Amino acid sequence: MSEKLFNKLEIFGEDNRVMEVRCFLRGKSDEDGYKYIDFNKIIPSPDNGENSGWNYDNWGAKWNAFFQKSPNINTIEFVTANYGVPDLIIMVSEKFSDVIFVYHFDMHDCPATVTLFIKNGIATEIPQECFHGNNLNDNNNDSDDGLPF
């Protein structure tokens, strides 16, 4: 059985560059709804994501992103099966080297969320102590510290 893990990608940069990133990531709508992020746009699957072994080896997750939403222009939220996809986000950051990505993802068998600051192919983990909640499901942004999370 696959474990569903929450992911949140925040995109920061000039408005036109943020829109270019979103256009690059966007997939075709299907029966599951609008695709704000489609892993096939980053690394195309030879069989449209049907081979979970290939998916793990190339995307890092069992399936393409699902249960997607975009609460604002800078944020894409989605679910992955079993693992997050930091390597894919790093690849996107290499293509859009002037854009900053903040990628939050849950980890399999771990109660905490990993947060990465990614720019131009370089990822730096941001310690959880920098955030108010210990995982993505905590929406405690009661402070006025200016952080977007």
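The paragraphs below set out a description of the structure included in this document. Sequence order sets the numbering: in each chain, residues are counted from 1 along the sequence as written. Thresholds applied to this predicted model are a pLDDT of at least 70 for local features of residues and 80 or more for the giving and counting of side-chain atom pairs; totals over whole chains, interfaces and linings are not thresholded and use all residues. Where side-chain values are given, they derive from all heavy atoms of the structure, hydrogens and water being excluded.

Regarding the overall build of the protein chain
Now for step 1: We count a stretch as a helix when DSSP gives it H or I for four or more residues in a row; a strand needs E for two or more, and each element gets its number in order from the N terminus. Of regular secondary structure, the protein chain possesses three helices and six strands.
Now for step 2: For the protein chain, the sequential pattern of α-helices and β-strands runs β-α-α-β-β-α-β-β-β.
Now for step 3: Throughout, exposure labels follow a simple rule: accessible area from a 1.4 Å probe, protein chains only, divided by the maximum for the residue type, with under 20% read as buried, over 50% as exposed, and the rest as partly exposed. Out of the 149 residues belonging to the protein chain, those deemed buried represent 44%.
Now for step 4: We call two residues contacting when some pair of their heavy atoms lies within 4.5 Å. Of the contacts formed within the protein chain by residues at least 6 apart in sequence, a portion of 54% connects residues at least 24 apart.
Now for step 5: When the accessible surface of the protein chain is split by element, carbon and sulfur atoms take 50% of a total near 8200 Å². Note on areas: Shrake-Rupley with a 1.4 Å probe; residue coverage comes only from the protein chains shown.

A few points about unusual backbone geometry
Now for step 1: The phi angle at Phe67 is positive, at roughly 45°, despite the residue not being glycine.
Now for step 2: Looking at the secondary structure, you find Phe67 in strand E2 (residues 66-72).
Now for step 3: With phi around 80°, Asn82 is a residue other than glycine that occupies positive phi space.
Now for step 4: Here Asn82 is to be found in the loop between strand E3 (75-81) and helix H3 (86-95).
Now for step 5: Take Asn82: its relative accessible area is 11%, and that puts it in the buried class.

Some points on the layout of surface pockets
Now for step 1: Space inside and on the surface of the protein is sampled on a 1 Å grid over the protein atoms alone, with a cavity defined as a set of points where a 1.4 Å probe fits but cannot get out and a pocket as an open set with protein on both sides within 12 Å along at least 5 of 7 lines; lining residues have an atom within 4 Å of a point. Grid points are joined across faces, edges and corners, and a volume is the space filled by probe spheres set on the points. Looking at the largest pocket, its volume works out to about 410 Å³.
Now for step 2: Lining of the largest pocket is provided by 18 residues; of these, Asp30, Lys35, Asn40, Asn48 and Asn64 occupy positions nearest its centre.
Now for step 3: A per-class count over the lining of the largest pocket returns four nonpolar, five polar and nine charged. For this classification, the nonpolar set comprises Ala, Val, Leu, Ile, Met, Phe, Trp, Tyr, Cys and Pro, the charged set comprises Asp, Glu, Lys and Arg, and every other residue, Gly included, is treated as polar.

Side note on the sheet that holds strand E4 (residues 100-107)
Now for step 1: In spatial order, the strands read E2-E3-E1-E4-E5-E6; together these six strands make up an open sheet with antiparallel pairing. The open sheet is flanked by E2 and strand E6 (122-125), the only strands paired with a single partner. For this sheet, the mean angle separating the axes of adjacent strands, direction not counted, is 20°.
Now for step 2: Strands are treated as partners if at least two bridges between them are detected by DSSP. Across seven bridges, strand E1 (residues 4-12) lies against E3 in antiparallel orientation. Counterpart to Glu10 in the pairing with E3 is Thr75.
Now for step 3: Along the sheet, H3 makes contact with E1, E4, strand E5 (110-119) and E6, crossing E4 at roughly 175°. Comment: axis = line fitted to C-alpha atoms, over the contacting stretch for helices; angle = value between 0 and 180 degrees taken between N-to-C directions.

Note that all results are geometric; they support no functional claim without further evidence.
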